[in-house]
Amino acid sequence: MHLEAKIAPAPHGMRAAARPVITGAAHFFPDTKTSQGDLWQEFFREHYNGLPLARRIFENSGISSRSTAVDPRAEREVSGWSTGRRMERYIEEAVPLGRRTVSAALESAGLAPSDVGMLAVASCTGYTTPGLDLRLADELGMSSKVQRLFIGHMGCYAAVPSLGAVADFVASRGRPAVLLCLELTSLHVQPPTEDMEQIVAHALFADAAAAVVLEPDAGSGFEVVDVVAVTDHSTADLMSWQITDLGFKMGLSPKVPDVLAQHVGEVVRDQLLAPHGLTPEEVTGWAVHPGGKRILEVVGERLDLPAEALDASYGVLDECGNCSSPTVLMVLERLPRTDGPVVAMAFGPGLTLYAALLRRS
């Protein structure tokens, strides 16, 4: 395997690029955890007027439980909330959840908030100014000189390009960085409908926050080696996230797995692995975003992966649901600690596929 980075000597007076290494990680959920069956029986069955198609989608989702900041069984009027009310609730829920998650990730890396050179936050389920990144930096006691980056509306794949951005900061500046991905999809329950795309979204999505800490030239952890992407612009209408007067409305076509099937082999084999002299057979860990059961099946089929390769992804889907951007980081935490290359991969609007190559240092 050829994973050695080829780095040219730095020009006189410039810092040589450091190796960005993930040294800490944590994830947390809102307090309410509910079984998929209870969500259907106690809210969505009535919400969808007992529609047989909706029941089948919930039952065949591959999800047994989900966590939500807003429990629709207790706050049954949520589908009629204005966007303004949903954004107010976003801040109420997101700030303490994000603070807890970043604090735990820093603790696992043995760092203090004052050590952080960059805080990046990815979220597409809420917006505010001052942003969540600024509010968290203040509450955590980070330096007034900390650099901040907010990444919005990239959806489920946001963690991977965000990881690339903070890795570039660590490599070029030689300072630690934190990435937080936080989504509260339960804020956006929509009014009753027979639209299958809406039903699928409500059957799959859940709430969570996940954070990783990256340090320069650290001795132990996952080094971020490479990040690649491809976007199929001809299929942009198959996944959407529209801001409406009643929150954010998601469109999710059942054709998405078929489009991913056309591109996943090229992205992983040709763009990500081949330039480093690797093949899928040499990859020792797969952190694949569990956008749904069929998506995981397509990835396994197209890359000819052994049955157990996606156990971590299926486990997160079953126990947590699709939590959008934090999900792939949660899968990465579950991977067995083995030597060798690891691939992290996620998918989202565009349609876009992002993949990262990691190696244990």
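Higher on the page you've got the structure.
Sequence positions are assigned chain by chain, starting from 1 and proceeding in written order. Owing to the predicted nature of the model, reporting of local features is limited to residues with pLDDT of at least 70; listing and counting of side-chain atom pairs is limited to 80 or more, with chain, interface and lining totals taken over all residues. Hydrogens and water are ignored here; the side-chain numbers use all heavy atoms of the structure.

Here we come to the overall build of the chain. Along the chain, the regular secondary structure elements total ten helices and 13 strands. Each radius of gyration reported is based on C-alpha atoms, and the globular scaling rule is 2.2 Å times the count of residues to the power 0.38. Its C-alpha radius of gyration of 20 Å places the chain within 12% of the 21 Å reference for a compact globule of 361 residues. Classification of residues uses two cut-offs on accessible area relative to the type maximum, computed with a 1.4 Å probe and protein chains only: under 20% is buried, over 50% is exposed, and between them is partly exposed. Buried positions account for 57% of the 361 residues belonging to the chain. Relative to all contacts within the chain whose residues are 6 or more apart in sequence, the contacts with residues 24 or more apart total 80%. In the form shown here, the chain has an accessible surface area of approximately 14700 Å², with 49% of it arising from carbon and sulfur atoms. Secondary structure is summarised from DSSP: a helix means a run of H or I of at least four residues, a strand means a run of E of at least two, and numbering begins at the N terminus for each. By definition in these notes, contact holds between two residues if any of their heavy atoms fall within 4.5 Å. Surface accessibility follows the Shrake-Rupley procedure with a 1.4 Å probe radius. Residue values consider only the protein chains on display as shielding.

Only the six-membered ring of Trp is used, alongside the rings of Phe and Tyr, when aromatic pairs are assigned; centres must lie within 6.5 Å, and planes under 30 degrees apart are stacked while those over 60 apart are edge-to-face, with the rest tilted. Scanning the model with the defined rule gives eight aromatic pairs in all. A ring pair is formed by F43 and F44, whose centres lie 4.9 Å apart and whose planes are at 85°; its orientation type is edge-to-face. Taken individually, F43 and F44 each receive the classification buried, so the pair is uniform in this respect. For the pair Y157 and Y354, a centre-to-centre distance of 5.6 Å together with 10° between the ring planes defines the contact as stacked. Placement of the pair is Y157 in the loop between β5 (147–151) and α5 (159–173) and Y354 in strand β13 (residues 352–360), with a sequence separation of 197 residues. No difference in accessibility class separates Y157 from Y354, as the two residues are buried. Taken together through their ring pairs, the aromatic side chains of W40, F43, F44, Y48 and F58 make up a single cluster. Against the face of F222 rests R360, its NZ or CZ located 4.2 Å from the ring centre. Both a distance and an angle decide whether a charge sits over a ring: NZ of Lys or CZ of Arg must be within 6 Å of the ring centre and within 35 degrees of the ring normal.

Take the packing of helix α2 (residues 52–59) against helix α6 (residues 196–204) next. A fitted line through C-alpha atoms represents every axis, and for helices the fit uses only the stretch in contact; the resulting angles, taken between N-to-C directions, go from 0 to 180 degrees. It is the contact of α2 with α6, at a shortest axis distance of 9 Å, that shows an interaxial angle of 35°. Between α2 and α6 lies a crossing whose hand is right-handed. Of α6, the residues touching α2 (which contributes L53, A54, I57 and F58) are M196, I199, V200, H202 and A203. Three residue categories are used. Nonpolar comprises Ala, Val, Leu, Ile, Met, Phe, Trp, Tyr, Cys and Pro, charged comprises Asp, Glu, Lys and Arg, and polar comprises the others, including Gly. Tallied by class, the residues present in the contact of α2 with α6 amount to eight nonpolar, one polar and no charged. Throughout, a crossing is termed right-handed when the near helix is turned clockwise from the far one, and left-handed when it is turned anticlockwise from it by less than a right angle.

Examined against the element boundaries, K249 turns out to sit in strand β10 (residues 247–252). Under the relative-accessibility criterion, K249 is labelled partly exposed at 33%. Through-space distance from the C-alpha of K249 to that of Q262 is 27 Å; in sequence the pair is 13 residues apart. Among residues more than four places away in sequence, those in contact with K249 are Q190, Q198, S240, W241, Q242 and T244.

By this definition, two strands are paired if DSSP reports at least two bridges between them. Judged by pairing direction, the sheet is mixed, and its nine strands sit side by side in the order β5-β4-β6-β7-β1-β8-β13-β12-β11 without closing on themselves. Two strands lie at the open edges of the sheet, namely β5 and β11 (285–288), each paired on one side alone. The average undirected angle you get between the axes of adjacent strands in this sheet is 25°. Summarising the sheet, strand β4 (residues 118–122) and β5 pair through five bridges and their orientation is parallel. Bridging from a neighbouring strand, V121 pairs with F150 of β5. Relative to the sheet, helix α4 (residues 132–140) contacts β4, β5 and β6 (177–184), its axis offset from that of β5 by approximately 140°. Strand contacts of α5: β1 (20–28), β4, β5, β6, β7 (207–216), β8 (222–231), β12 (341–348) and β13, with the helix running at about 165° to β6, the strand carrying the most contacts.

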